[in-house]
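Remarks on the overall topology
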Amino acid sequence: MGSAKTYTWFVSFAAALGGFLFGYEIGIINSVLQMNPFQLFFGLGVPNAAGDAVLASDDNTSKTSLIVSFFLLGCIPGALFIAFAADILGRKKSLFLGSFLFTAGGLLQALVPSSLSISGRGAFVMAGRFLGGGGIGILSMAVPLYIAELAPSDIRGRLTSVQQLMITIGIAFASICNAIILSAFGDKLVDNDA
């Protein structure tokens, strides 16, 4: 019986990686938005007259708000869709779909072509964030459902709380990554169009 419970714990933690991704995505965007190269590339900032610092552009707040909120706006249809589709697709396929959408959204955000205009770049990254948010919305709904159905009744509550634990671990991991990235690259000015 012990090995069956160990396996259940292992599978629950593996499934709860969807929660880790949610926490990571929530946490990592803050430092990315503060990076000078990111601000220049997406028109969130302009170099000062001396060229040694980045000043916020006039529409910095609205662009930043859109970039951040498109992820959460994507979560809503993802969660609503999977509430009905999980019965049709099954739990495992729902997890795979959410993971695929999150990965595709991450690729869109990472592979924004520099040949696009500033507004085109912003639209590209917002589309990626919306798609990734859709994947996380699916995972936010499907992971606890999958874990609850997998878990024996005597440990079901503990296993379903693994999802929340992994969200918190994802936020903590993103904070650690933020500190490392910002200390290494945060103040560097780079011409992303070159």
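This write-up is about the structure you can find in this document. (Residues numbered from 1 in each chain as written. Predicted model: local features only at pLDDT ≥ 70, side-chain atom pairs only at ≥ 80, totals over all residues. Heavy atoms only, no water.)

Next up on the list: the nonpolar core. In this structure, Ala-15, Ala-16, Phe-22, Leu-95, Ile-136, Val-143 and Ile-147 are the most contacted members of the largest nonpolar core, which totals 21 residues. Sorting elements by how many residues they give to this core places helix α6 (residues 118-150) first, with 6 residues. Not counting residues up to four positions away in its chain, the partners in contact with Ala-16 are Val-143, Ile-147, Val-162, Gln-163 and Met-166. With 11 residues, the next largest nonpolar core counts Leu-33, Met-35, Phe-41 and Val-112 among its residues. (Core = buried A, V, L, I, M, F, W, Y, C linked by side-chain atoms within 4.5 Å. Buried < 20%, exposed > 50% of the residue type's maximum accessible area, 1.4 Å probe, protein only. Helix = DSSP H or I, 4+ residues; strand = E, 2+ residues; numbered from the N terminus. Contact = heavy atoms within 4.5 Å.)

Turning to a nonpolar patch on the surface, a few remarks are in order. Residues Leu-73, Ile-76, Leu-80 and Phe-130 make up a contiguous nonpolar surface patch of about 380 Å² in total accessible area. Here the nonpolar patch gets 3 residues from one element, more than from any other, and that element is helix α4 (residues 60-89). Note on placement: Leu-80 falls in helix α4. With relative accessibility at 53%, the residue Leu-80 sits in the exposed group. (Patch = residues over 30% accessible without salt bridge, like charges linked within 9 Å, V, L, I, M, F, W, Y side chains within 5 Å. Areas by Shrake-Rupley, 256 points an atom, 1.4 Å probe, with all protein chains shown as cover. Salt bridge = Lys/Arg side-chain N within 4 Å of Asp/Glu carboxyl O.)

We now examine the environment of Phe-130. In this fold, Phe-130 is placed in helix α6. In this structure, the C-alpha to C-alpha distance between Phe-130 and Phe-71, residues 59 residues apart in sequence, is 4.8 Å. Non-local contacts of Phe-130, meaning those with residues more than four positions away in its chain, are made with Phe-70, Leu-73, Gly-74 and Pro-77.

Following the criterion strictly, the structure yields 8 aromatic pairs and no others. Here the aromatic cluster, defined as three or more aromatic residues joined through ring pairs, consists of Phe-20, Tyr-24 and Phe-173. The ring of Phe-41 carries Arg-121 above its face, with NZ or CZ at 4.2 Å from the centroid. (Phe/Tyr/Trp six-rings, centres within 6.5 Å; stacked < 30°, edge-to-face > 60°. Lys NZ or Arg CZ within 6 Å of the ring centre and 35° of its normal.)

A few words now on the side chain of Asn-178. Along the chain, Asn-178 turns up in helix α7 (residues 156-185). Of the residues examined, Asn-178 reaches a relative accessible area of 9% and is grouped as buried. Engagement of the side chain of Asn-178 in a polar contact is seen with the side chain of Ser-31, the distance being 2.3 Å. Ignoring sequence-local partners within four residues, the contact set of Asn-178 consists of Gly-27, Ile-28 and Ser-31. (Polar contact = N/O pair within 3.5 Å; in protein donor to acceptor, adjacent residues only side chain to side chain.)

Picture a little ball the size of a water molecule; that probe, rolled over the atoms, points out where space is still empty. One number sums up the size of the largest pocket: a volume of about 450 Å³. If you trace the largest pocket, you find 20 residues lining it, with Ile-29, Val-32, Phe-38, Gln-109 and Ala-110 closest to the centre. Put simply, the parts of the chain that give the lining of the largest pocket at least two residues each are α2 (17-34), α3 (36-41), α5 (91-110), α6 and α7. Here the lining of the largest pocket is built from residues that sort into 16 nonpolar, 2 polar and 2 charged. (1 Å grid on protein atoms, 1.4 Å probe; cavity = no way out; pocket = protein on both sides within 12 Å on 5 of 7 lines; lining within 4 Å. Points joined across faces, edges and corners; volume = space filled by probe spheres on them. Nonpolar A, V, L, I, M, F, W, Y, C, P; charged D, E, K, R; others polar.)

Another point: α4. Across its 30 residues, α4 extends 41 Å between first and last C-alpha, which sits within 8% of the 44 Å expected from 1.5 Å per residue. Along its length, α4 shows its largest kink, about 45°, at Ala-83. Those residues of α4 not exposed but buried are Asn-60, Thr-64, Ile-67, Phe-71, Gly-74, Cys-75, Gly-78, Ile-82, Ala-85 and Ala-86. Check the buried side of α4 and you find it contacts α2, α3, β2 (54-56), α5 and α6. Gly-90 occupies a position one or two residues after α4 and carries a positive phi of about 95°. (Expected span 1.5 Å × (residues − 1). Bend = angle between axes of the 7 residues up to and from the residue.)

On to the packing of α2 against α6, then. Where α2 meets α6, the closest approach of the two axes is 8 Å, and the angle between their N-to-C directions is 145°. The handedness of the crossing between α2 and α6 comes out as left-handed. Residues Gly-18, Leu-21, Phe-22, Glu-25 and Ile-29 of α2 form the contact with α6, whose participating residues are Arg-129, Ile-136, Leu-139, Ser-140 and Val-143. Split into classes, the residues belonging to the contact of α2 with α6 amount to 6 nonpolar, 2 polar and 2 charged. (Axes fitted to C-alpha atoms, helices over the stretch in contact; angles between N-to-C directions. Left-handed = near helix turned anticlockwise from the far one by under 90°.)

Just geometry here; none of it tells us what the structure is for.
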